[in-house]
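Descriptive analysis of the structure
Residues per chain, in single letters:
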Amino acid sequence: MTKDWWKESAIGIPDLITETPGPKSRIMHQNTAKYMKGLSSQVKLFPVCFDQGYGITLTDVDGNRYLDFSSGIYVTSLGHCHPKISEAVAHWAKKLMNAHDFTTPVKEKLMEKMAEVLPGRLNSIQLYSDGTSAVEAAIRAARAITNKHEFISAYRDFHGKSLAAVSCAQMYRSETYSYGPARAAGFYMVPRPDPYRPLWTKNDGTINTDAYIKYYEEFIKEGTVGNVAAFVLEPAQGWAGSIFPPDDFFPKLKKLCEKYNILICDDEILTGMGRTGEWLALNHWNVIPDIITLGKSFGNGFPVTAMVVSEENGGALEKISASSSYGGNPMACAAALASIEVIEEENIMQNVRNVGEYFMKRMIKMKEQHPIIGDVKGKGFLLGIELVKDRHTKESFEEAGKLVYQKAFSKGLAWVPAGHILRMSPPLIMDEKYASLGMDIIEDSIALVEKEFGY
Ligand SMILES: Cc1ncc(COP(=O)(O)O)c(C=O)c1O
């Protein structure tokens, strides 16, 4: 199999043969929505019903073919139904679906492979079946390692929806409001540096990372009982809009954490496994975290996630059982192992770096042309375009974000829903031709929205 396995199926996309969403999609969505409640804005804003996915192509029930710019939701990063991964899952689906916690041949191989590719000595592993459970395990692990119980996270981070995970996360306000005070005791939030919207700046107007670190130190001393186990952070904020911190942030945070014996729990569920051109996004800053969580791309769509700590802390994991009903089942291990092998065999990381450069150049050009683009950001295939009403006031342009999302989708771009930051997470196999096609659709849609709003 060559790395071009997906190309033939992509010829001619986007290819729309009905209005979108099409008539069959609308009926199926209505039938489903009668029963299924709490559907995401992504679905409500564009109620399409997908029937098939292969490579970078998604086909709906009306026969319309879309260009995928979301990888599910940062999940099918190596393309839909990658033959090697699908075959690996099918093999174990026919042979042994579940063996609880016991070792299986494919689990043995996955453990060895993970230890080989993960940086530092991150090689003490537990497997789960969703990202939230991996984050919960990371919180248990941090407590077990440090015998401390407080946690610091950051505004607009997202880590999942269970009680501990949501205690480290910014939820949509309306959602949190509806189920009451969500944050558990001992969980605190602090601001983190957003270069486009800095809270503290230096004399030259650039973001002042030291001021954030100073604030954290003050907070540790004054705002906690001195029992902080870990900072739980996304290396770059995915849900918040592909927001990367300045390059000096994590190295400085690491120093602060060392001073106070606090762990760094690096939630790489969205950013890891090549999305930014490195196994972990934190690799960009040469910081080795104490705990990581992996999910989404880790099994390329199969529900498999991991929580990993460094070897010296591995002993503490004996205190927190790895047992779960589905975690590490043979199909899951096969999906994760095959995904890592594909990243290596198809030289995915290099593609992400090369095409990622194209994306960034293109977005910078778009910013020059379009007054509602306030900022463009990202690394590799984790990208954001921030829409503002006015470049001086930087007032967020939420209405424009929604409209651009809908317009581009109706032109055949399947992508991530937007607030005022358009988020792109194309499959990492994508070449420049399709990258450019997707960006053309987005740029056309921005131009239409600008016109509608009289810019
Ligand atoms: C950074 C991060 N952590 C955790 C989660 C939760 O993962 P899951 O939806 O698989 O429970 C998400 C999901 O979007 C995420 O982006």
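Residues numbered from 1 in each chain as written. Predicted model: local features only at pLDDT ≥ 70, side-chain atom pairs only at ≥ 80, totals over all residues.

**Some points on the overall build of the protein**
Secondary structure assignment for the protein yields 15 helices and 14 strands. At 22 Å, the protein has a C-alpha radius of gyration in line with the 23 Å of a compact globule built from 455 residues. When the 455 residues of the protein are sorted by exposure, 51% land in the buried category. Sequence-distant contacts, at least 24 apart, represent 75% of the contacts inside the protein between residues at least 6 apart. (Helix = DSSP H or I, 4+ residues; strand = E, 2+ residues; numbered from the N terminus. Rg over C-alpha atoms; globule rule 2.2 N^0.38 Å. Buried ≥ 20, exposed ≤ 12 C-beta atoms within 10 Å, placed from the backbone. Contact = placed C-beta atoms within 7 Å.)

**Some details on the site of the ligand**
Taken together, 14 residues lie near the ligand, and Gly131, Thr132, Gly160, Ile269 and Leu270 sit nearest. The biggest single contributor to the shell around the ligand is helix H7 (residues 131-146), with 3 residues. (Near = placed C-beta within 6 Å.)

**Things to note about the domain arrangement of the protein**
Along its sequence, the protein is organised into domain 1 (7-68 + 347-452) and domain 2 (83-345). For domain 1 versus domain 2, the distance between C-alpha centres works out to 26 Å. Domain 1 puts 21 residues into the contact, and the matching count from domain 2 is 16 residues. Of all the elements in the fold, those that place two or more residues in the side of domain 1 that touches domain 2 are helix H13 (348-369), strand S11 (373-379), strand S12 (382-387) and strand S14 (421-424). Grouping the constituent residues of the side of domain 1 that touches domain 2 by class yields 8 nonpolar, 6 polar and 7 charged. (Domains from an automatic or database assignment. Nonpolar A, V, L, I, M, F, W, Y, C, P; charged D, E, K, R; others polar.)

**Things to note about the sheet that holds strand S8 (residues 263-267)**
Paired through their backbone hydrogen bonds, the strands of a sheet run either parallel or antiparallel. Spatial strand order, S4-S10-S9-S8-S7-S5-S6: 7 strands in an open sheet with mixed pairing. Looking at which strands have only one partner, the edges of the open sheet turn out to be strand S4 (122-128) and strand S6 (187-190). Neighbour to neighbour, the strand axes of the sheet diverge by 20 degrees on average, direction disregarded. Inspection of the sheet shows S4 paired to strand S10 (residues 305-310) by 6 bridges, in the antiparallel sense. What sits directly across from Tyr128, in S10, is Thr305. (Pairing = 2+ DSSP bridges. Axes fitted to C-alpha atoms, helices over the stretch in contact; angles between N-to-C directions.)

**A word on the pairing of strand S9 (residues 291-294)**
Burial of S9 is two-sided: the residues Ile291 and Thr293 facing one way and the residues Ile292 and Leu294 facing the other way are all buried. Pairing between S8 and S9: 3 bridges, direction parallel. Its bridge partner lying in S9, Cys265 is registered against Ile291.

**A short note on the packing of helix H5 (residues 83-95) against helix H12 (residues 330-345)**
For the pair H5 and H12, the least separation of the axes is 8 Å and the interaxial angle reads 160 degrees. Judged by the angle between their axes, H5 and H12 are roughly antiparallel. When you trace H5 past H12, the crossing you get is right-handed. Contact with H5, carried on its side by Lys84, Ile85, Ala88, Val89, His91, Trp92 and Ala93, involves Pro330, Met331, Ala334, Ala335, Leu337, Ala338, Ser339 and Val342 of H12 and no other residues of that element. For the contact of H5 with H12, the residue count by class is 12 nonpolar, 2 polar and 1 charged. (Parallel < 35°, antiparallel > 145°, perpendicular 65-115°, else oblique. Left-handed = near helix turned anticlockwise from the far one by under 90°.)

**A look at H12**
Under the 1.5 Å per step criterion, the end-to-end length of H12 is 22 Å for 16 residues, consistent within 8% with the ideal 22 Å. Burial analysis of H12 places 13 of its 16 residues in the buried class, the great majority of the element. (Expected span 1.5 Å × (residues − 1).)

**Considering the pairing of strand S1 (residues 50-54)**
With 4 bridges connecting them, S1 and strand S2 (residues 57-60) associate as antiparallel partners. Considered in S2, the bridge of Tyr54 is made with Thr57. Connecting the antiparallel pair S1 and S2 is a turn made up of 2 residues, with Gly55 showing a positive phi of about 60 degrees.

**Regarding helix H14 (residues 398-410)**
Because the α-helix completes a turn every 3.6 residues, residues three or four places apart line up on one side. Between the first and last C-alpha of H14 there are 19 Å, a value that for 13 residues agrees with the 18 Å anticipated at 1.5 Å per step. Three or more residues of H14 are buried, namely Ala400, Gly401, Leu403, Val404, Tyr405, Ala408 and Phe409. Summarising the contacts, the buried residues of H14 are in contact with helix H3 (41-45), S12, strand S13 (413-414), S14 and helix H15 (432-452). Positioned one or two residues after H14, Gly412 has a phi angle of 105 degrees, which is positive.

**Some remarks on the nonpolar core**
If you look at the biggest cluster of nonpolar residues, it comprises 132 residues, and the most contacted ones within it are Ala230 and Ala335. Examining the composition of this core, we find that 11 residues originate from one element, H12, more than from any other. (Core = buried A, V, L, I, M, F, W, Y, C linked by C-beta atoms within 7 Å.)

**Things to note about the sheet that holds S12**
Reading across the sheet, the 3 strands line up as S11-S12-S14 and stay open at both edges, with antiparallel pairing between neighbours. Only two strands of the sheet have a single neighbouring strand rather than two, namely S11 and S14. Going across the sheet, the axis of each strand differs from the next one's by a mean of 15 degrees, ignoring polarity. With 6 bridges connecting them, S11 and S12 associate as antiparallel partners. Bridge pairing in S12 links Lys377 to Gly384. Packed onto the sheet, H13 meets S11 and S12 and runs at close to 175 degrees relative to S11.

**Considerations on the packing of H13 against H15**
Where H13 meets H15, the axes come as close as 10 Å, and the angle between the chain directions of the two elements is 25 degrees. In terms of orientation, H13 lies roughly parallel with respect to H15. Between H13 and H15 lies a crossing whose hand is right-handed. Residue-level contacts link Val355, Tyr358, Phe359, Arg362 and Met366 of H13 to Glu432, Ala435, Met439 and Glu443 of H15. Classifying every residue of the contact of H13 with H15 by side-chain character gives 6 nonpolar, no polar and 3 charged.

**Quick notes on unusual backbone geometry**
Residue Pro14 is bonded to the preceding Ile13 through a cis peptide linkage, with omega at -5 degrees. One can find Pro14 in the loop between helix H1 (7-10) and helix H2 (23-33). One non-glycine residue, Asn147, lies in the positive phi region at around 60 degrees. Locating Asn147 in the fold gives a position in the loop between H7 and strand S5 (150-154). In this structure, Asn300 is a non-glycine residue whose phi angle is positive, near 50 degrees.

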